[in-house]
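So you can see what is in the structure, the chains are spelled out below.
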Amino acid sequence: GAVVSQHPSRVICKSGTSVKIECRSLDFQATTMFWYRQFPKQSLMLMATSNEGSKATYEQGVEKDKFLINHASLTLSTLTVTSAHPEDSSFYICSARDPGTDEKLFFGSGTQLSVL
Amino acid sequence: AQTVTQSQPEMSVQEAETVTLSCTYDTSENNYYLFWYKQPPSRQMILVIRQEAYKQQNATENRFSVNFQKAAKSFSLKISDSQLGDTAMYFCAFMGNTGNQFYFGTGTSLTVIP
């Protein structure tokens, strides 16, 4: 089946630094990728939708200058948390849509970000 | 943004029994997709079942089935013969026809009691 690889799985960084999270579709071309944020025992909150070759569409309330999303190829999207602060600590999950498999969505394994 | 609501934050069921998880959604679209995802403690999202809105027949996957009521915008999940491994968070999700929107409900924590 289709696989989405997300790295790193866990990252600890100091406040003020930037962190990049990668999301790769390994065996299909993902024209659309989604980035979510999940707090403990809560739902996945859609942060932004990225389409290959174009600017990401951010959900209301999500700072686009804070959470930089790049979808430069059909198999790779990156989320960069810039100038991270402790309140950015969260679980981030990416997903990729494979239109070749009947509109299914495949998820990465998530990244736990801890900002000290 | 579309709204997806799960009114049951927590549920429990005896092993081997049947349980139904509720989900309602709000959309003005006529064609769309609905999903149920399972998230175990590993936090890996696992697709349970999927329904296309243009199909009247309810989707089934082994012990999992849905009751899709398009007019009522309701999409409940029935788990038959519950197993201990079914213990997890369950999220209902909506995807618009363009595929550029994918929203999750608030989630239901299901515990299967031995």
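The residue numbering used here restarts from 1 in each chain and proceeds along that chain's sequence as written. By the order in which they are written, chains take letters starting at A while ligands take numbers starting at 1. Where totals are concerned, whole chains, interfaces and linings use all residues; where local detail is concerned, this predicted model gives features only for residues with pLDDT of at least 70, and gives and counts side-chain atom pairs only at 80 or more. The side-chain values count all of the structure's non-hydrogen atoms but skip hydrogen atoms and water molecules.

**Let's talk about the pairing of strand β12 (residues 108-113) of chain B**
Looking along a regular strand, one sees side chains alternate from face to face of the sheet.
All names here are of chain B.
Point 1. Accessible area is worked out with a 1.4 Å probe on protein chains only. A residue is then buried under 20% of its type maximum, exposed over 50%, and partly exposed in between. Secondary structure elements follow DSSP: runs of H or I of four or more residues count as helices, runs of E of two or more count as strands, with numbering from the N terminus. With burial as the criterion, only one face of β12 is covered, namely that bearing Thr108, Leu110 and Val112; the residues Ser109, Thr111 and Ile113 on the opposite face remain uncovered.
Point 2. Alignment of strand β2 (residues 10-14) against β12, held across five bridges, turns out to be parallel. Considered in β12, the bridge of Val13 is made with Val112.
Point 3. When DSSP finds two or more bridges between two strands, those strands count as paired. Taken together, the three bridges between strand β10 (residues 88-96) and β12 define a ladder with antiparallel strand orientation. The partner of Met89 across the bridge, within β12, is Ser109.

**Remarks on the interface of chain B and chain A**
Point 1. Contacts are residue-level and defined by heavy atoms, with any inter-residue pair within 4.5 Å sufficient. Counting residues at the interface gives 22 residues for chain B, matched by 22 residues for chain A.
Point 2. By buried area we mean the combined loss of accessible area, with a 1.4 Å probe, across both parts when two parts are placed together. Buried surface at the junction of chain B and chain A, both sides included, amounts to about 1,700 Å², of which 52% is carbon and sulfur.
Point 3. When a carboxyl oxygen of Asp or Glu lies within 4 Å of a side-chain nitrogen of Lys or Arg, that pair is called a salt bridge. Joining chain B to chain A, the criterion identifies zero salt bridges.
Point 4. By the criterion applied in these results, polar contacts are pairs of N or O atoms within 3.5 Å in which, for protein atoms, one can donate a hydrogen and the other can accept it, and in which residues neighboring in sequence qualify only through two side-chain atoms. There are seven residue pairs in polar contact (both at pLDDT 80 or more) connecting chain B and chain A.

**A closer look at the nonpolar core**
Point 1. The biggest cluster of nonpolar side chains holds 44 residues, and the ones touching the most others in it are Tyr36(A), Trp36(B), Leu77(B), Phe102(B) and Phe104(B).
Point 2. In this structure, Leu77(B) is in contact with Val19(B), Thr20(B), Leu21(B), Trp36(B), Val48(B), Ile49(B), Phe64(B), Ser65(B), Val66(B) and Tyr90(B), ignoring residues within four places of it in sequence.
Point 3. To form a nonpolar core, buried Ala, Val, Leu, Ile, Met, Phe, Trp, Tyr and Cys residues must be joined to one another through side-chain atoms within 4.5 Å. Counting residues in each nonpolar core, the second largest holds 26 residues, with Cys23(A), Tyr58(A), Val62(A) and Leu113(A) among its members.

**With respect to unusual backbone geometry**
Point 1. The omega angle of the peptide bond from His7(A) to Pro8(A) is -5°, so this bond is cis rather than trans.
Point 2. Along the polypeptide, Pro8(A) turns up in the loop between β1 (4-7) and β2 (10-13).
Point 3. Backbone geometry places Asn62(B), a non-glycine residue, at a positive phi of 55°.
Point 4. Assignment of secondary structure puts Asn62(B) in the loop between β7 (60-61) and β8 (64-69).

**Examining the pattern of salt bridges**
Residue and element names in this part refer to chain B.
Point 1. Enumeration over the complete set of coordinates arrives at six salt bridges over all chains.
Point 2. Glu52 is paired through a salt bridge with Arg50; the nearest N and O atoms lie 2.8 Å apart.
Point 3. Using a relative accessible area of 6% as the deciding quantity, one classes Glu52 as buried.
Point 4. Under the relative-accessibility criterion, Arg50 is labelled buried at 12%.
Point 5. Lys55 is the salt-bridge partner of Glu52, the closest N and O atoms lying 3.7 Å from each other.
Point 6. Each of Arg50, Glu52 and Lys55 takes part in salt bridges that share partners, so that together they form one network.

**Topic: the state of the cysteines**
Here a disulfide denotes one covalent bond, and it connects the sulfur atoms of two cysteines.
Point 1. When the sulfur atoms of two cysteines come within 2.5 Å, that pair is taken as a disulfide. Counted according to the given criterion, the structure contains two disulfides over all chains.
Point 2. Covalent S-S linkage joins Cys23(B) and Cys92(B), the inter-sulfur distance amounting to 2.0 Å. The sign of the S-S torsion, about -70°, decides the handedness of the disulfide formed by Cys23(B) and Cys92(B): left-handed. One end of the pair, Cys23(B), is in the loop between β3 (19-21) and β4 (24-26); the other, Cys92(B), is in strand β10, with 69 residues separating them in the sequence. The pair formed by Cys23(B) and Cys92(B) is uniform in burial state, with each residue classed as buried.
Point 3. Here Cys13(A) is not cross-linked by a disulfide; its sulfur's nearest cysteine counterpart is in Cys94(A), at 18 Å.

Fair warning: the whole summary comes from geometry, so function is off the table for now.
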